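Letter by letter, the chains look like this.
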Amino acid sequence: MDRMTLAALAALVAFSAPGKVFAGSEDVVVEQPWARASIGVSRPGAAYMTVLNKGEEAVTLTGLSTPLAKMLEIHRSSTTAEGLSTMAPAGEITISPGESVALEPGGLHAMLMRLQTAMIEGETFPLTLAFSDGGEVTVDVPILGIAARGPEG
Amino acid sequence: MRRRAVLKFGAAGVGAFGLTLAVGWWRADGPGALAPVGERPLPLSEMGFRLTDHEGQLVEPSDLIGQPSLVFFGFTYCPDVCPTTLSDISGWLDALAEDADRLNVVFITVDPERDTVDAMAEYVGYFHPAIRGWTGPEDQVAQAVEDFRATYEKVPAEVGGYTMNHTASVFLFDASGDFASTIDYHEPREYAVPKIRRAIEETSEGAT
Ligand SMILES: [Cu+2]
């Protein structure tokens, strides 16, 4: 087997089944993903979910991607003591064994910037979470209404 | 009408740009001096701004006097906190049922550059029908923010464009237009709704 085939195979494994080769991310479970519909493509969108680490090793979430948006980042919304609401990239997020991180309204969110297509209520889109061990987890994110408050709408 | 120049908006934007290039992102603190903690909004009768609602009508704060009012700031390009605030408030209004008709609910944009009357109309249309969207010229929005003793600043985003930092509290006024209290957008419905109900009930008592 030549190099190219090996690389292709590795990529295939990484994409389809984050199997035994990775240390940590194969034990990551993403629960209750959801996103709000967008109005057109000029406004950024937001997606939410709970990321659980069911393994014995800490995992670090290093990046996100989706065909829906050219740029994706995890942001944290916070409110200063003076009541000023701000938003900034949260950077890499490390999840200890047995712990979970909640992306929820008013806190952490996956921010979808430079949307390629509008986020339409009722549709879903694939979202890939990349981890520091090289593994990836892809989930289908249902798009709820703009006024949705949680995964149940 | 008072039109104090609010320089912090422009200064924060320009100043932040250089810093953002270095730091790579938005910043929360800066020259946009915040109103001192605890400073209360003016009574609606003393505010001096004029805006346009999402149906194209000219509006001013004194229009709100006569019923209790909930007023908050935001912008429609806000992906997280603003839709959450609007849907939380929609939830409170649902809980108030028909009493929601005895309340003014106003969402004032801090981003009139992008939030035109049409943009506001489309956006508020996704939430409770009692919510009105107000926008207008830059100087009038700045005056509104100042009259509420709120704050906002424009912050460049790394992918181009910009976002806005802004006061997230919801301001509650009584029927005579005096400031009553603030409600945090994340405040659970079981705390928020009684606060609003009290303001509505005080109105009916005052009327008898
Ligand atoms: Cu964000």
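In case you missed it, the structure is sitting above this.
Residues numbered from 1 in each chain as written. Chains lettered and ligands numbered in written order. Predicted model: local features only at pLDDT ≥ 70, side-chain atom pairs only at ≥ 80, totals over all residues. Heavy atoms only, no water.

(A) The coordination of the copper ion, seen in detail. Residues and elements named next belong to chain A. Surrounding the copper ion are the protein donor atoms His75 (ND1), Met87 (SD), His109 (NE2) and Met111 (SD), which sit 2.2 to 2.4 Å from the metal. Of note is the copper ion, whose four donor atoms meet at the metal with angles of 89 to 121° in an arrangement that counts as tetrahedral. Taken in sequence order, the residues that donate to the copper ion follow the motif H-x11-M-x21-H-x1-M. Taken together, the residues span a long stretch of sequence, with Met87 in strand β5 (residues 84-89) and His109 in strand β8 (residues 108-115) at a distance of 22 residues. (Donors = N, O, S within 2.8 Å, 3.2 Å for Na, K, Ca; no water. Tetrahedral: all angles 85-135°; square planar, octahedral: opposite > 155°, others 65-115°. Helix = DSSP H or I, 4+ residues; strand = E, 2+ residues; numbered from the N terminus.)

(B) Structural detail: the interface of chain A and chain B. On the side of chain B, 37 residues touch chain A, which itself brings 33 residues to the contact. For the chain A and chain B pair, buried surface summed over both sides reaches about 2700 Å², with 62% attributable to carbon and sulfur atoms. Across the contact surface, chain A and chain B share eleven residue pairs in polar contact (both at pLDDT 80 or more). Sorting the residues of the side of chain A that touches chain B by element identifies β2 (45-53), β4 (69-79), β5 and β8 of chain A as the ones contributing at least two each. Among the elements that take part in the side of chain A that touches chain B, β5(A) stands out by supplying six residues, more than any other. Class assignment for the residues of the side of chain A that touches chain B results in 15 nonpolar, eleven polar and seven charged. Both β5(A) and strand β7 (residues 162-167) of chain B contribute to a ladder of two bridges, which runs antiparallel. When the sheet's bridge partners are listed, A:Leu84 is paired in β7(B) with B:Thr167. (Contact = heavy atoms within 4.5 Å. Buried area = accessible area lost by both parts, 1.4 Å probe. Polar contact = N/O pair within 3.5 Å; in protein donor to acceptor, adjacent residues only side chain to side chain. Nonpolar A, V, L, I, M, F, W, Y, C, P; charged D, E, K, R; others polar. Pairing = 2+ DSSP bridges.)

(C) Broad picture of unusual backbone geometry. All names here are of chain A. With phi around 45°, Gln32 is a residue other than glycine that occupies positive phi space. Positive phi outside glycine occurs at Arg114, with the angle close to 50°. As for its position among the elements, Arg114 is in strand β8.

(D) Examining the pairing of β2(A) more closely. Residues and elements named next belong to chain A. Burial of β2 is extensive: eight of the nine residues sit out of reach of the surface. Sheet topology note: the strand β1 (residues 28-36)/β2 ladder contains six bridges and is antiparallel. When the bridges of β2 are listed, Ala35 appears paired with Ala47. Across three bridges, β2 lies against β8 in antiparallel orientation. Counterpart to Ala47 in the pairing with β8 is Ala110. (Buried < 20%, exposed > 50% of the residue type's maximum accessible area, 1.4 Å probe, protein only.)

(E) Broad picture of the nonpolar core. Counting residues in hydrophobic clusters, the biggest one holds 90 residues, and the most contacted among them are A:Phe125, A:Leu129, B:Leu70, B:Ile131 and B:Phe148. The element that contributes the greatest number of residues to this core is helix α2 (residues 81-96) of chain B, accounting for seven residues. Here A:Phe125 is in contact with A:Ala35, A:Ala47, A:Thr66, A:Leu68, A:Leu112, A:Met119, A:Val139, A:Asp140, A:Val141 and A:Ile143, once residues within four sequence places are set aside. (Core = buried A, V, L, I, M, F, W, Y, C linked by side-chain atoms within 4.5 Å.)

(F) Representation of the state of the cysteines within the structure. All names here are of chain B. Applying the stated criterion across every chain yields a total of one disulfide over all chains. Covalent S-S linkage joins Cys78 and Cys82, the inter-sulfur distance amounting to 2.4 Å. Across the S-S bond linking Cys78 and Cys82, the dihedral sits near 90°, which makes this disulfide right-handed. With respect to burial, Cys78 and Cys82 carry one shared label: buried. (Disulfide = S-S within 2.5 Å.)

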